[in-house]
Amino acid sequence: MATEAFEEIAQTFEFFDDWEDRYRHVIDLGRALEPLEDAFKVPATKVDGCASQVWLLPKIADGVFSFRGDSDAMIVRGLIAVLAALYNDVPAGEIAAIDAHAELGRLGLNDHLSAQRSNGVRAMIECIQMTAAQA
Amino acid sequence: MFDINTVRADFPILSRQVNGKPLVYLDNGASAQKPQVVIDAVICGYGEEYANVHRGLHFLSNLSTEKYEGTRAIVARFLNAPSEDDIIFNSGTTEGINMVAYAWAMPRMQARDEIVLSVMEHHANIVPWHFLRERQGIVIKWVDVDANGDLDPQAVIDAITPRTKLVAVTQVSNVLGTVVDVKTITTGAHAKGVPVLVDGSQGAVHMAVDVADIGCDFYVITGHKLYGPSGSGAIYVHPDRMSEMQPFMGGGDMIREVSKDAVTYNDPPMKFEAGTPGIVQTIGFGVALEYMMGLGMENIAAHETALRDYASQRLNGLNWINVQGHSATKAAIFSFTLDGAAHAHDISTVLDKKGVAVRAGSHCAMPLMEHLGLNATCRASFGLYNTTDEVDVLIDALELCHDLFA
C-alpha cells in the first residue's frame, strides 16, 4: 500500500480503460497543482535532464519528506502531482523503499520512467531519493 | 516518375505501428528514414564488401575504396560541383562547419573581425563561430528575419563591413521553413570580397542544389537528413578556399610523409579527411543521393510543395494554432504553438500516442526562438514519402490536443 493520497489516485485510474482518459486525468491533476511561486523557479531548484522546464523544492521537517514542484508542461505538472501523492508526508527513511516504477505502473504511466524519456520524471525521482537519503 | 505509393513501399519503417497506430513520421527535419536500397547497401557493405579504404592492395580493400570514392562523384553530381575533388567527406554538417571554422576561418581571423549570420541559423552554424568569438575575439553580426520569417538578402549584404571575413547562412530554416536567396547573398557578398558558407542541411533535402549557380564558397550537407545513414556527410569547397585551408584534424590518410621532424600532406580533399572514415555510411550516403536523383529532385520538390500547400490550408483553418513563419516560398516545415495551456512537450506527447512523430523544443535554434519570443514549439517537418492523408491524421491529433488542453 502506498500513501492514502496515491491510493485515491490509483482507484480513480482503475475506471479508465484507455490512454486518452488517463491523460485527461493527468492533465486535470496538472491543472489542480498549486503553482510554484516565481521566486522558487531558480537554477538551484531546476531539475536537469528534462525536455521541458521542471522545478523541484524538496524539504524534510521532523523527519518527514515533502516537496513542491512545477513545470511549464501540463502533462509534467500532472506527473508532479502524482509523485507528490506518492512521496509527500512519507518519513524520509521510507522514501528509498518506494518502488516508483511499480506504483506508476499501476496507473499505466510507467512508460514515463524509461531513461530515454526526457520528461524528467526519472530525474525528479532521483532528486527526491537523494534529498531523503541526506536526511 | 514519382508515385507516392511506390515511394512509400521503398521505406520499410513506414509500415510499422507506434503505440498501436500507423506511424506518421513528421520529424524529417531532425532525421529522415531510409529506403531499402540504403539499408541493403549498409548490409552489403559490412556483410560482403568490408575492408579499410585507401590502404590495402587486397581485393576487399580495393572494392570498398572503389565504392567509397565513387560517392565523391555522386555528391559532386548531386550538388552540381565542377569537380569531385571539391568534395570533402565528413560525418555531417556539424563537422563540416566546424572544419571551416578551424581549417579556414581560425587562421585568417583577428580580434574584431566579423562573421555575418542570420538569426535563424542552427546551433551547428552558430557555436563554431562562438568558439572563435571566445578564443580570438571575433564578432558575430546577426541579421534578423522579418515578421513573415523572410530573410532580406540585401540586409545580409548590408551587414558586411570591411572587417567581415565570412557570411554563413542557412538555405532553408529548420524551424520556419524559410527559403533563403543564397545566390543573391553570395553575389552581393562576393562583390564586397567576402566568401559565403551555405548550410544546406535542410535545403538540399527539399530542392535541387547547384553550387556552381549559387557561386558559394562552402556548401554543407548531411547524409542522415538526405535519407542516408547517420554519420555521413560532405562539404563542397570552392578550390580557391580549399587552397587557403589548413588541415583541421591530423592522422592517417591525410598525410604524404611523416618523419620525426616533419610532415607533408596529401592533396585535397584527402588532406582534410584524417583517419578511417565512415566507410559504409558514406557508401550508403551515395546510394541515398542516387535514390533521390532517381526520383528526380524536381519531382520531390513538387510533391513537397503540394504537401506544404495542403498542410498550410489545414493548419490555417484552426484558429487556435499559431504557425511560425509565413514565407510564401517556405519549405514543408511547420513550427507551431497552441492557444491555451498546452506546452510543446504536451502536444508532442499526445501526438505520439496517436502515432504521429514531431519534434518539440527549441530545435537547436535558440537565437531564433528568442527572436520569436518563444521557449519551445512543435515542429512537423515533411519528407518525400509523406502524404496528405498524414496531414489529416496530424490535424485530427491536434484537435484532440486542443480538446484536452484548451
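Just above sits the structure.
What you are looking at is a predicted structure, and each value in this text was computed from that prediction instead of being measured.

I'd like to hear about the overall build of chain A, residue by residue, with values.
If you tally the helices and strands in chain A, you get six helices and three strands. The secondary structure elements of chain A, listed N-terminal to C-terminal, are α-α-β-β-α-β-α-α-α. For 135 residues, the compact-globule estimate of 2.2 N^0.38 gives 14 Å, and the C-alpha radius of gyration of chain A, at 14 Å, lies within 12% of that figure. Evaluated residue by residue, chain A yields a buried proportion of 49% over its 135 residues. Here the contacts in chain A between residues at least 6 apart in sequence split such that 58% fall between residues at least 24 apart. Entry remark: accessible area of chain A is about 6800 Å², with carbon and sulfur atoms responsible for 51%.

Mind laying out unusual backbone geometry, listing which residues take part and the relevant values?
Note: most peptide bonds trans; most residues except glycine with negative phi. Cis geometry is adopted by the peptide bond preceding Pro269 of chain B, which originates at Pro268 of chain B and carries an omega value of 5°. Positionally, Pro269 of chain B belongs in the loop between strand S12 (263-265) and helix H11 (279-295). We note that Asp89 of chain A has phi near 65°; this positive angle belongs to a residue other than glycine. Here Asp89 of chain A lies in the loop between helix H3 (74-87) and strand S3 (90-91). Despite not being glycine, Asn80 of chain B shows a phi value in the positive range, around 50°. Structurally, Asn80 of chain B is set in the loop between helix H3 (59-79) and strand S4 (87-90). Taking relative accessible area as the criterion, Asn80 of chain B reaches 37% and is therefore assigned partly exposed.

I'd like to hear about helix H12 (residues 297-316) of chain B, residue by residue, with values.
All names here are of chain B. The end-to-end C-alpha distance of H12, which contains 20 residues, comes to 28 Å, matching closely the 28 Å that a straight helix rising 1.5 Å per residue would cover. Taken together, the buried positions of H12 are occupied by Met297, Ile300, His303, Glu304, Leu307, Arg308, Ala311 and Leu315. When H12 is viewed along its axis, its buried side chains cluster within an angular range of 145° and face the same direction. In this structure, H12 carries Glu298, Gln313 and Asn316 as exposed residues pointing more than 90 degrees from its buried face.

Describe in detail the side chain of Ser61 of chain B, supporting the description with residues and values.
Mapped onto the elements of the fold, Ser61 of chain B is located in helix H3. Dropping the residues within four chain positions of it, Ser61 of chain B is found in contact with Ala51, Asn52, His54, Arg55 and Gly56 of chain B.

Talk me through the interface of chain A and chain B; I want residue IDs and the actual numbers.
In this complex, chain A contributes 17 residues to the contact, which on the side of chain B involves 15 residues. Summed over both partners, the interface of chain A with chain B comes to about 1300 Å²; 59% of that surface belongs to carbon and sulfur atoms. When residues of chain A are sorted by the area they lose upon contact with chain B, Trp19, Arg24 and Arg31 of chain A head the list and together hold 35% of the total. Viewed at the interface, chain B and chain A are joined by one salt bridge. Residue Arg24 of chain A pairs with Asp403 of chain B through a salt bridge whose shortest N-O separation is 2.8 Å. Elements that contribute at least two residues to the side of chain A that touches chain B include exactly helix H2 (19-32) and H3 of chain A. In terms of residue count, the dominant contributor to the side of chain A that touches chain B is H2 of chain A (six residues). Here the side of chain A that touches chain B is built from residues that sort into eight nonpolar, three polar and six charged.

Scoring rules and cut-offs
- Residues numbered from 1 in each chain as written.
- Chains lettered and ligands numbered in written order.
- Predicted model: local features only at pLDDT ≥ 70, side-chain atom pairs only at ≥ 80, totals over all residues.
- Heavy atoms only, no water.
- Helix = DSSP H or I, 4+ residues; strand = E, 2+ residues; numbered from the N terminus.
- Rg over C-alpha atoms; globule rule 2.2 N^0.38 Å.
- Buried < 20%, exposed > 50% of the residue type's maximum accessible area, 1.4 Å probe, protein only.
- Contact = heavy atoms within 4.5 Å.
- Areas by Shrake-Rupley, 256 points an atom, 1.4 Å probe, with all protein chains shown as cover.
- Expected span 1.5 Å × (residues − 1).
- Arc of directions from axis to C-beta.
- Buried area = accessible area lost by both parts, 1.4 Å probe.
- Salt bridge = Lys/Arg side-chain N within 4 Å of Asp/Glu carboxyl O.
- Nonpolar A, V, L, I, M, F, W, Y, C, P; charged D, E, K, R; others polar.

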